[in-house]
Amino acid sequence: MKLTVVGCSGSFPSAESACSSYLVEADGFRLLLDMGNGSLGELQRHIGLYDLDAIFLSHLHADHCIDMCAYFVARFYRHEGGRCGTIPVYGPEGTEKRLSTAYEDVPDERSMSEVFDFRTLKSGTFEIGPFQVRTEKVCHPVESYGIRVEHGGRSLTYSGDTGVCPELGLLAEDTDLFLCEASFTHGKEDIPDLHLNGREAGEFAAAGRAGRLVLTHIPPWTDAERNLADARAVYDGPVELAYTGAVYEV
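Because the structure is predicted, anything quoted here is derived from the model rather than measured. (Residues numbered from 1 in each chain as written. Predicted model: local features only at pLDDT ≥ 70, side-chain atom pairs only at ≥ 80, totals over all residues. Heavy atoms only, no water.)

Caption draft 1: Layout of the overall build of the protein chain. Check the secondary structure of the protein chain and you find seven helices and 14 strands. Computed over its C-alpha atoms, the radius of gyration of the protein chain comes to 17 Å, within 12% of the 18 Å expected for a compact globule of 250 residues. For the C-alpha atoms alone, the extent of the protein chain along its principal axes is close to 55 × 35 × 30 Å. For the protein chain, with 250 residues in total, the buried portion stands at 54%. Across the protein chain, the 21 positively charged side chains and the 39 negatively charged ones have centroids separated by 2 Å. (Helix = DSSP H or I, 4+ residues; strand = E, 2+ residues; numbered from the N terminus. Rg over C-alpha atoms; globule rule 2.2 N^0.38 Å. Buried < 20%, exposed > 50% of the residue type's maximum accessible area, 1.4 Å probe, protein only. Lys, Arg positive; Asp, Glu negative; His and termini not counted. Charge placed at Lys NZ, Arg CZ, Asp CG, Glu CD.)

Caption draft 2: Main features of the environment of F178. Assignment of secondary structure puts F178 in strand β11 (residues 177-181). Here F178 falls in the buried class, since its relative accessible area comes to 0%. Spatially, the C-alpha atom of F178 lies 6.3 Å from that of Y158, the residues being 20 residues apart in sequence. Beyond its immediate stretch of four places on either side in the chain, F178 contacts T157, L168, A172, A201, F204, A205, A210, R212, L213 and V214. (Contact = heavy atoms within 4.5 Å.)

Caption draft 3: Focus on helix α4 (residues 95-103). Of all the positions in α4, only T95, E96, L99 and S100 are classed as buried. For α4, the arc enclosing every buried residue in end-on projection is 125°, short of the 170-degree limit, so these residues lie on one face. Those residues of α4 that are exposed and aimed more than 90 degrees away from the buried face are K97 and T101. Looking at the buried positions of α4, the neighbouring elements they touch are α2 (62-65), α3 (67-76), β5 (87-91) and β6 (116-120). Positive backbone phi, approximately 70°, marks E104, located one or two places after α4. (Arc of directions from axis to C-beta.)

Caption draft 4: Just the nonpolar core, in detail. The biggest cluster of nonpolar side chains holds 29 residues, and the ones touching the most others in it are L33, F56, F131 and L156. Elements represented by at least two residues in this core include exactly β1 (2-7), β2 (21-26), β3 (29-33), β4 (54-56), β8 (131-138), β9 (144-151), β10 (154-158) and β11. (Core = buried A, V, L, I, M, F, W, Y, C linked by side-chain atoms within 4.5 Å.)

Caption draft 5: Spatial organisation of helix α6 (residues 198-207). Within the sequence span of α6, burial applies to G198, A201, G202, F204 and A205. Mapping the buried residues of α6 onto a view down its axis gives an arc of 160°, with all of them on the same face. Buried-residue contacts for α6 involve α5 (166-172), β11, β12 (213-216) and α7 (224-232). With a side-chain oxygen lying 3.1 Å from the backbone nitrogen of R199, the N-terminal cap of α6 falls on N197. Where α6 terminates, the next one or two residues include R209, which has phi positive at roughly 55°. (Polar contact = N/O pair within 3.5 Å; in protein donor to acceptor, adjacent residues only side chain to side chain.)

Caption draft 6: Quick peek at the packing of aromatic side chains. Using the criterion set out here, one finds 10 aromatic pairs in the structure. The interplanar angle of 75° and the centroid separation of 6.3 Å between the aromatic rings of F72 and Y77 together place this pair among those described as edge-to-face. Classification of F72 as buried rests on a relative accessible area of 0%. An aromatic cluster of three or more residues is present, and its members are F72, F76, Y77 and Y103. One cation-aromatic arrangement involves R78 over Y50; the distance from NZ or CZ to the ring centre is 4.8 Å. Lying over the aromatic face of F76, R83 brings its terminal NZ or CZ to 3.7 Å of the ring centre. (Phe/Tyr/Trp six-rings, centres within 6.5 Å; stacked < 30°, edge-to-face > 60°. Lys NZ or Arg CZ within 6 Å of the ring centre and 35° of its normal.)

Caption draft 7: Quick look at the sheet that holds β10. With mixed pairing, the seven strands of this open sheet are ordered in space as β7-β8-β9-β10-β11-β12-β13. Each end of this open sheet is capped by a strand with a single partner; those strands are β7 (124-128) and β13 (239-241). Neighbouring strand axes in the sheet, compared pairwise and without regard to direction, differ in orientation by 20° on average. Relative to β13, β12 runs parallel, the two sharing three bridges. Its bridge partner lying in β13, L213 is registered against V239. Sheet strands in contact with α6 are β11 and β12, and its direction is about 155° off that of β11. Against the sheet, α7 makes contact with β12 and β13, and its axis sits at roughly 170° relative to β13, the strand it touches most. (Pairing = 2+ DSSP bridges. Axes fitted to C-alpha atoms, helices over the stretch in contact; angles between N-to-C directions.)

Caption draft 8: Fine view of the side chain of S58. Tracing the sequence through the fold places S58 in the loop between β4 and α2. Ignoring anything within four residues of it in the chain, the contact list for S58 reads D34, H64, P92, E143, S144, Y145, Y158 and G160.

Caption draft 9: Examining the environment of V6 more closely. Within the secondary structure, V6 is located in strand β1. The spatial distance from the C-alpha of V6 to the C-alpha of S39 is 6.3 Å, given a sequence separation of 33 residues. Sequence-distant contacts of V6, defined by excluding residues within four places in its chain, comprise S21, Y22, L23, L32, S39, E42, L43, H46 and T244.

Here it is in structure tokens:
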């Protein structure tokens with residue numbers, strides 16, 4: 001599998017990065033994990049606008065899904081070749097309504113479903129193209145899912161947004177690459193069921209024997225280097241900070 005970091009900033013785009021969005025490719029199939037603020041523009045640096053095969057939305061906070069409104073415009077009003085066909089969009093219950101409300105000016109309440117095939121996420125295992133995936137509901141103020149993607153005997157796990165919860169540990173167990181949020185700073189923020197800090201991300205990676213840890217979703221106001229050091233203090237495998245344009249072979 002090939003993983004490309006399209007955007008990795010948490011909460012709102014930074015001067016260096018769009019919000020959360022990650023492209024996973026294998027066997028010519030392209031799966032996008034989240035489409036946060038600014039990510040649609042960045043995505044076009046890596047693939048064509050209409051080259052996606054499926055989209056996974058971990059949850060419906062704007063920094064993970066709002067560029068779906070712009071992508072609707074691109075697919076619904078495409079001038080050359082007519083309107084695009086539907087693409088599978090896996091998201092929490094109410095995804096279509098949330099995006100239609102955010103865009104507001106849809107021609108009618110079913111317009112988004114003309115280009116997006118909305119599929120409601122639940123915890124479980126299923127296939128997306130050539131990928132075997134497992135999703136688990138994690139701890140966040142809104143319905144949120146982490147995902148484990150497997151292909152060819154290799155695996156990557158994406159935490160989405162989450163606080164400390166056992167479900168994340170299940171997804172991360174023996175994963176080859178663990179793409180984990182680290183929004184908070186250890187010893188500074190202590191808000192349960194919201195976000196992880198760098199130390200907690202490292203603890204999950206260590207407990208799950210992850211092959212590699214990549215910290216992501218770090219807001220502009222959080223000290224990324226501090227989170228990196230905190231993760232390294234508890235996890236002795238390779239760990240690094242996500243950055244826009246980073247590519248990993250899994």
